[in-house]
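# Structural features, examined
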Amino acid sequence: MRVSECPGLTRVQERKIKIAVEGTCELCSGYFALPLLEIHRISRRLYREMVRDPSARILVVCDLCHRHIHRLPVRVKDQRAMVSRRPYFVRQEIRKALGYTPKPYIPPRDAALSEMYEEYFYHFPPGSFRLGG
């Protein structure tokens, strides 16, 4: 019986993630059978914001691209750029497979709208976003 190739993930989760990317390598964009795809964990030493969303920490790549990522090595910045190009629905499916649920937004209780308005327009005066003046 084969163990999960990515620590912390079950084989079912791996399969769902590979299906979410529709069997394509996110590096070379080639189509592969699911057993030929691997899940690569992106190092998060430099990026603390990746703790919040686990789907931002993984790439689905073929065996050859996975070896290239480790041997070249491909910079973490470039790996994150690949993750950011994922379509919205693929991201949602990967999050669902990982069991991730974002924290719900809770608005402030004592929201003084006039103070918020003043503070915002103090930093960003009206008309500052117009193009060409």
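Residues numbered from 1 in each chain as written. Predicted model: local features only at pLDDT ≥ 70, side-chain atom pairs only at ≥ 80, totals over all residues. Heavy atoms only, no water.

### A look at the overall build of the protein chain
In terms of regular secondary structure, the protein chain is built from five helices and two strands. For the protein chain, buried positions account for 31% of its 133 residues. Here the analysis covers contacts within the protein chain between residues at least 6 apart in sequence; of these, 57% occur between residues at least 24 apart. Entry remark: accessible area of the protein chain is about 10200 Å², with carbon and sulfur atoms responsible for 58%. (Helix = DSSP H or I, 4+ residues; strand = E, 2+ residues; numbered from the N terminus. Buried < 20%, exposed > 50% of the residue type's maximum accessible area, 1.4 Å probe, protein only. Contact = heavy atoms within 4.5 Å. Areas by Shrake-Rupley, 256 points an atom, 1.4 Å probe, with all protein chains shown as cover.)

### Describing the side chain of His 66
Position of His 66 among the secondary structure elements: in helix H2 (residues 63-71). Owing to a relative accessible area of 15%, His 66 belongs among the buried residues under this scheme. Sequence-distant contacts of His 66, that is, excluding residues within four places in its chain, are made with Glu 38, Ile 39, His 40 and Val 61.

### Notes on unusual backbone geometry
Omega for the peptide link from Leu 72 to Pro 73 comes to -25°, which places this bond in the cis form. Within the element layout of this structure, Pro 73 appears in the loop between H2 and helix H3 (76-84). The phi angle at Glu 22 is positive, at roughly 60°, despite the residue not being glycine. Mapping Glu 22 onto the fold places it in the loop between helix H1 (11-20) and strand E1 (37-41). One non-glycine residue with positive phi stands out, namely Ser 29, at about 65°.

### Some words on the nonpolar core
Counting 23 residues, the largest nonpolar core has Ile 17, Leu 59 and Ile 94 as its most contacted members. Per-element accounting of this core gives the leading share, five residues, to strand E2 (residues 58-62). If we skip the residues at most four places from it in the chain, Ile 94 touches Ile 17, Ala 20, Val 21, Ser 55, Ile 58 and Arg 86. (Core = buried A, V, L, I, M, F, W, Y, C linked by side-chain atoms within 4.5 Å.)

### Some details on helix H4 (residues 88-98)
Quick reminder: α-helices carry 3.6 residues per turn. Residues three or four places apart thus point the same way. Among all positions in H4, only Val 90, Ile 94, Ala 97 and Leu 98 are buried. Seen from one end, H4 has its buried residues packed into an arc of 95°, which puts them on one side. Turned more than 90 degrees away from the buried face of H4 sit Phe 89 and Lys 96, all of them exposed. If you follow the buried residues of H4, they end up packed against H1 and E2. (Arc of directions from axis to C-beta.)

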